[in-house]
Amino acid sequence: MTPRAHVLVTGAAGFIGRHTVAALHHAGHQVTAVDLRPAPTHLTSAAHWLRGDFADPALLAEIATGRYTTVVHQAAISDTSAPAGPELDETNTAAPLRLADACRTGQARLIYASSHSVYGTLHHHEPIAEDADTDTTRCSGPLNPYAASKLALDQKMRALHPTGLQWTGLRYTNVFGPDETDKGPMASILTQLLRQATHTGKIRVFDDSLTAARDYIPVETVTATIVRLTEHRQLPSAVYNLGAGTAVAFADIAQWCARLHHQVTGQTLDVELVPNPVAHAYQYFTCADMTVLDTVLPDRPTTSTASVEARATELFETFLRSATG
C-alpha cells in the first residue's frame, strides 16, 4: 500500500487545482491547499485551506522545514494574452524558482505545471518531443509572453536543479473537463464549442481554423497522472509532455457538436466563421510526443481520441442540463 503523503497544492481553487485537490484526497493523501481565492465550497473538507500567495515567505519557510512530502504547483498567470513584464516574470518564473529552492531544502518532491505552448508553431504536423523546445527546425518557440515565461521556468529548472531536488515539470496540452467555464476565454476550445452548442444552437470558430487540430486531455487524466507521480518518487527529474498524443481536428469537434445538437433538437447546428484576430500567435496544431513519460511511467493513465469524444459527449450533456435549467 502506498504511504499517505502530505501534499501541498498551490493554485488549488483554479480549474486544474480543484481537480488535483479532489484526486489526491480521494487517493487517501493529506492535502493542504493554498490560493488567493477562497476555497470552493464542495472541497472545504478535502483539504486544509490556506488563503494567500504561494510565494509568501512564511509558506516557503514552512516548506523548507520538510513538512510536505510533495508540492504540486498549479498557480500561475494562465492568461495567454497577458503582457510581458515584471508581474508575469515574477509569478510564472521567479517565484516558482524560490518555491523549488524551498522544496530542495525541505526534501519535498516538486511537480509543477508547464505548458505545451512553449513549442509555439509546430513546423511539421507530428507529435513533438520535450528536447525539441529550442529546435527551430521543429518549432517556432513561444508565441506569447505567457509561453515564454513557462519555457524560462523549464530551462532554469534544468540548469539549476540537475541533482539534489526531485522535480517534474508537466507540459499540459489542452486540458478540458467539468467546471472549466470559470476560465472564460481561456477555457479549452473544446469546452467553449460544446457550451456554445448547448446554449445558443450555434458555434463560432475562426475562419482559418477548421483544418487546425489540437491535443486534448481530460482533466481527470491529468490529475490521475499527478497522483501516480506523487506515489512514484524515483522518476528522473525532467520536463515531460502530458497530453493524449493525438490531435483532433476542429472540424471533427464541429461534427461532434452538430451530431449531439441534432440528437437533442432535431435541428441543424449553425456554424459561424469569424476572422482570427490573433493569427500571428495562434497554435494551429498541437500534439505531444509521449514517449519519454511512457518510458518512465509505463502504467500511467492514457487517453485515446475515442475517450476524448466520449468525455466531450458527457460534457455536452452537462452543459445541456445547465442550459435547460
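Coordinates for the structure precede this section.
Residues numbered from 1 in each chain as written. Predicted model: local features only at pLDDT ≥ 70, side-chain atom pairs only at ≥ 80, totals over all residues. Heavy atoms only, no water.

## Topic: the pattern of salt bridges
The final tally for this structure, using the stated rule, is 14 salt bridges. A salt bridge links E309 to R259; the shortest N-O distance between them is 2.9 Å. With E309 in helix 9 (residues 305–324) and R259 in helix 7 (residues 250–265), this pair connects stretches of sequence that are 50 residues apart. Through salt bridges with shared partners, one network takes in D133, D154, R158 and R171. (Salt bridge = Lys/Arg side-chain N within 4 Å of Asp/Glu carboxyl O. Helix = DSSP H or I, 4+ residues; strand = E, 2+ residues; numbered from the N terminus.)

## Section: helix 9
Counted at 1.5 Å a residue, the expected span for helix 9 with its 20 residues is 28 Å, and the 28 Å between its end C-alpha atoms agrees. All of the buried residues in helix 9 are V308, R311, A312, T313, L315, F316 and F319. Looking at the buried side of helix 9, the elements it contacts are strand 7 (174–176), helix 5 (189–200), strand 10 (216–218), helix 6 (219–231) and helix 7. (Expected span 1.5 Å × (residues − 1). Buried < 20%, exposed > 50% of the residue type's maximum accessible area, 1.4 Å probe, protein only. Contact = heavy atoms within 4.5 Å.)

## Looking at the sheet that holds strand 2 (residues 30–35)
Think of a sheet as strands paired side by side through backbone hydrogen bonds, with each pair either parallel or antiparallel. Pairing is parallel across the open sheet formed by seven strands, whose spatial order is 3-2-1-4-5-6-11. The sheet is open, and its two edges are formed by strand 3 (48–51) and strand 11 (238–242), each paired on a single side. Averaged over all neighbouring strand pairs, the angle between strand axes comes to 20 degrees, with direction disregarded. Note that strand 1 (residues 6–10) and strand 4 (residues 70–73) share four bridges and pair parallel. Considered in strand 4, the bridge of L8 is made with V71. Most of the contacts of helix 3 (residues 86–106) go to strand 4, to which it runs at about 170 degrees, and overall it touches strand 4 and strand 5 (109–115). Running at roughly 170 degrees to strand 6 (residues 167–172), helix 6 makes contact with strand 1, strand 4, strand 5, strand 6 and strand 11 of the sheet. (Pairing = 2+ DSSP bridges. Axes fitted to C-alpha atoms, helices over the stretch in contact; angles between N-to-C directions.)

## Details of the state of the cysteines
Enumeration over the complete set of coordinates arrives at zero disulfides. With no disulfide partner, C287 has as its closest neighbouring cysteine sulfur the one in C139, 14 Å distant. (Disulfide = S-S within 2.5 Å.)

## Focus on the environment of T136
The topology assignment puts T136 in the loop between strand 5 and helix 4 (145–160). Relative accessible area serves as the criterion here: at 60%, T136 is assigned to the exposed category. Residues T136 and L122 lie 14 residues apart in sequence; the distance between their C-alpha atoms is 9.4 Å.

## Re the packing of aromatic side chains
The final tally for this structure, using the stated rule, is three aromatic pairs. Between Y282 and Y284, the ring centres sit 4.9 Å apart and the planes meet at 65 degrees, which makes this aromatic pair edge-to-face. With a relative accessible area of 10%, Y282 lands in the buried category. The lysine or arginine in question, R214, covers the ring of Y282, its NZ or CZ lying 4.7 Å from the ring centre. (Phe/Tyr/Trp six-rings, centres within 6.5 Å; stacked < 30°, edge-to-face > 60°. Lys NZ or Arg CZ within 6 Å of the ring centre and 35° of its normal.)

## Thoughts on the packing of helix 5 against helix 9
Geometry of a packed helix pair, given as the angle between the helix axes and the separation of the axes. Where helix 5 meets helix 9, the axes come as close as 9 Å, and the angle between the chain directions of the two elements is 40 degrees. Comparing their axes, helix 9 and helix 5 come out oblique. Regarding helix 5 and helix 9, the two cross each other, and that crossing is right-handed. Judged by residue contacts, L190, T191, L194, R195, A197, T198 and H199 of helix 5 engage V308, A312, L315, F316, F319, L320, S322 and A323 from helix 9. For the contact of helix 5 with helix 9, the per-class residue count stands at ten nonpolar, four polar and one charged. (Parallel < 35°, antiparallel > 145°, perpendicular 65-115°, else oblique. Left-handed = near helix turned anticlockwise from the far one by under 90°. Nonpolar A, V, L, I, M, F, W, Y, C, P; charged D, E, K, R; others polar.)

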